[in-house]
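# Chains, contacts and geometry: an overview
What follows is each chain in one-letter form.
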Amino acid sequence: MKRRALALLSGGLDSSLAVKLVQEQGIDVKALHFYTGFCITEFKRRTGQTKDDGTPYTNPALKAAAQLGVPIEIVDISEEYYDIVINPKFGYGKNVNPCVDCRIMMLKKAKEIMEREGYDFIVTGEVLYQRPMSQTPERLKLIEKEAGLEGLILRPLSAKVLPPTIPEKEGWVDRSKLLGIKGRSRKVQIELAKKFGLEYEQPAGGCCYLTDETYATRFREAYATEGMITRDDLVLFAVGRHFRLPSGTKLIVARNEGEVNFLKGFKNRYGYAYRADKPGTFALIKGNPAEEELQLIADIIARYSKREPSQVVIKLPDRELKLIGTPPSEELLDRMKIYAKKEVKHGS
Amino acid sequence: MEAKDIKADVVHDVTGTFCPVPVSETAKQIKEMKIGQVLELIADDPGVVEDIPAWCKATGQEFLGMYEEDGEYHLFVKKTKELK
């Protein structure tokens, strides 16, 4: 009897290889790709960013599935995802990445689909010790247990250094043909990709902006200052330059035309300001600015609209006003700016 | 045949949505359709140009072609088998 597996496919090299390894053993595979709402590719497309050659960013999972010849289903978990980002049972990684809760959520969904559609087990591209937070033996075991999938998650890249799973014990797959990779090095995977003739996206992983330092800085700052985080906030932390004015009001200033259009989508929910005499930037005003801050808002708009005196329109829920803004000092701006004061890195 | 001349049985507009929504919407439509029917997907996310053909290849559907007009992409997918 042909056994059937569901594979979690991000489109990176590891998950692609995991699929390939079980396919080689005659397993019928369907791929699942999860949409969390925190995907960098999606965000880049929304704000009109393209690759250096001008082509749009593509979804690596679809490319990988096409290459592997496996059907793929996109599973939208963005609605429920908010809860684990705000309140993860197992905490955050280095930034605001709830990797353990995230894995559990994805695997629970996979289990539902497995049971509904009659699949036998789950395949993932996890590699033991590759990620410090979610890929220790204890964590892998905990994740399995929480998802209700004990013994049913096969990790072909690290199978030989993990306890045998049901698919191995039952002989559905041959354990001796699986791998025993450990740690962060990707040497074995890169060689295997060559052997199988697999093309893959470089760098792998890093598609989730919850692992971004600046994002995490804004998340924590907002929580500390405002005491809560809304769904809008979770999107807005990834966009533009963020400033906290002395009154506690936040100003989110677009960095390019794509962001201008993106932020304009929030116009009916927040106050906003923009340059009126010439093309320039656009900013959302979240909160109630103090009277003396209105000039500051106009000045910031001027700074990010060609850095010259500008006519600025400020629209607040109860009124609209026109001011002349003059670029303020960089020092003043830097004091109010919310960002990670180090280089931004990806990875959990 | 030019993509513009393709007659679709179902037209689905997903403009305003971005990766991966156009793809999951395509899957939803194809699931409901009969084998042999053609879907016209209208999207403004430029990524669909690569994503939809890749999805067709992965799931064994036939990608018939596409054209762009005023920043909107019209993509034609023929359902050739049931989705797994």
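For clarity, every value in this text was computed on a predicted model and none was experimentally measured.

### Focus: the sheet that holds strand β3 (residues 62–69) of chain B
Residue and element names in this part refer to chain B.
- The strand order β1-β2-β4-β3 describes an open sheet built from four strands, whose pairing is mixed. Here the strands that pair on one side only, and so sit at the sheet edges, are β1 (10–13) and β3. Averaged over neighbouring strand pairs, the angle between their axes works out to 20° when direction is ignored.
- Of the pairings in the sheet, the one linking β3 to strand β4 (residues 72–78) comprises seven bridges and is antiparallel in character.

### Some points on unusual backbone geometry
- Following C19 of chain B, the chain continues into P20 of chain B via a peptide bond in cis, with omega recorded as 0°.
- For P20 of chain B, the position within the fold is in the loop between β1 and α1 (21–32).
- Here Y129 of chain A, not a glycine, exhibits a phi torsion of approximately 65°, which is positive.
- Structurally, Y129 of chain A is set in the loop between β4 (121–123) and α6 (137–147).
- Even without being glycine, D70 of chain B reaches a positive phi, approximately 50°.
- Tracing the sequence through the fold places D70 of chain B in the loop between β3 and β4.
- By C-beta crowding, D70 of chain B is classed as exposed, having 5 other C-beta atoms within 10 Å.

### Some points on the domain arrangement of chain A
Residues and elements named next belong to chain A.
- When its domains are assigned, chain A resolves into domain 1 (4–207) and domain 2 (212–336).
- For domain 1 versus domain 2, the separation of C-alpha centres amounts to 38 Å.
- Across the boundary between the two partners, domain 1 contributes 10 residues, which contact 13 residues of domain 2.
- Among the elements of the structure, α2 (40–46) and α4 (78–86) are those that each provide at least two residues to the side of domain 1 that touches domain 2.
- With three residues, α4 is the largest single contributor of residues to the side of domain 1 that touches domain 2.

### Observations regarding the interface of chain A and chain B
- Every contact between the two is made by 21 residues of chain A and, on the other side, 18 residues of chain B.
- Breaking the side of chain A that touches chain B down by element, the ones donating at least two residues are β2 (28–35), α2, α3 (60–68) and β3 (72–76) of chain A.
- Counted by class, the side of chain A that touches chain B contains 10 nonpolar, four polar and seven charged residues.

### Regarding the sheet that holds β2 of chain A
Residue and element names in this part refer to chain A.
- Across the sheet, five strands lie side by side as β3-β2-β1-β4-β5; this open sheet has parallel pairing. With one partner strand each, in any of the chains shown, β3 and β5 (153–154) form the two edges of the open sheet.
- When β2 meets β3, the two strands line up parallel, connected through five bridges. Counted as the bridge partner of F34 is V75 from β3.

### Some details on helix α12 (residues 293–303) of chain A
- The buried fraction of α12 of chain A amounts to eight of the 11 residues, a majority that puts the element mostly inside the structure.
- Considered for burial, the residues of α12 of chain A that qualify are L296, I297, A298, D299, I300, I301, A302 and R303 of chain A.

### Focus: the nonpolar core
Residues and elements named next belong to chain A.
- Core analysis: the biggest nonpolar cluster contains 117 residues, and A7, I122 and A283 have the highest contact counts within it.
- Counting residues per element, this core draws most heavily on helix α5 (residues 99–117), which supplies nine residues.
- With sequence-adjacent residues up to four places away left out, A7 is seen in contact with S15, A18, V19, V29, A31, L32 and V123.

### Quick word on the environment of I285 of chain A
Residue and element names in this part refer to chain A.
- Mapping I285 onto the fold places it in strand β9 (residues 282–286).
- For I285, a count of 22 C-beta atoms within 10 Å corresponds to the buried category.
- The spatial distance from the C-alpha of I285 to the C-alpha of L17 is 46 Å, given a sequence separation of 268 residues.
- Ignoring any residue separated from it by four or fewer positions in sequence, one finds I285 in contact with T249, L251, Y270, G271, Y272, A273, I297 and L316.

Analysis parameters
- Residues numbered from 1 in each chain as written.
- Chains lettered and ligands numbered in written order.
- Predicted model: local features only at pLDDT ≥ 70, side-chain atom pairs only at ≥ 80, totals over all residues.
- Pairing = 2+ DSSP bridges.
- Helix = DSSP H or I, 4+ residues; strand = E, 2+ residues; numbered from the N terminus.
- Axes fitted to C-alpha atoms, helices over the stretch in contact; angles between N-to-C directions.
- Buried ≥ 20, exposed ≤ 12 C-beta atoms within 10 Å, placed from the backbone.
- Domains from an automatic or database assignment.
- Contact = placed C-beta atoms within 7 Å.
- Nonpolar A, V, L, I, M, F, W, Y, C, P; charged D, E, K, R; others polar.
- Core = buried A, V, L, I, M, F, W, Y, C linked by C-beta atoms within 7 Å.

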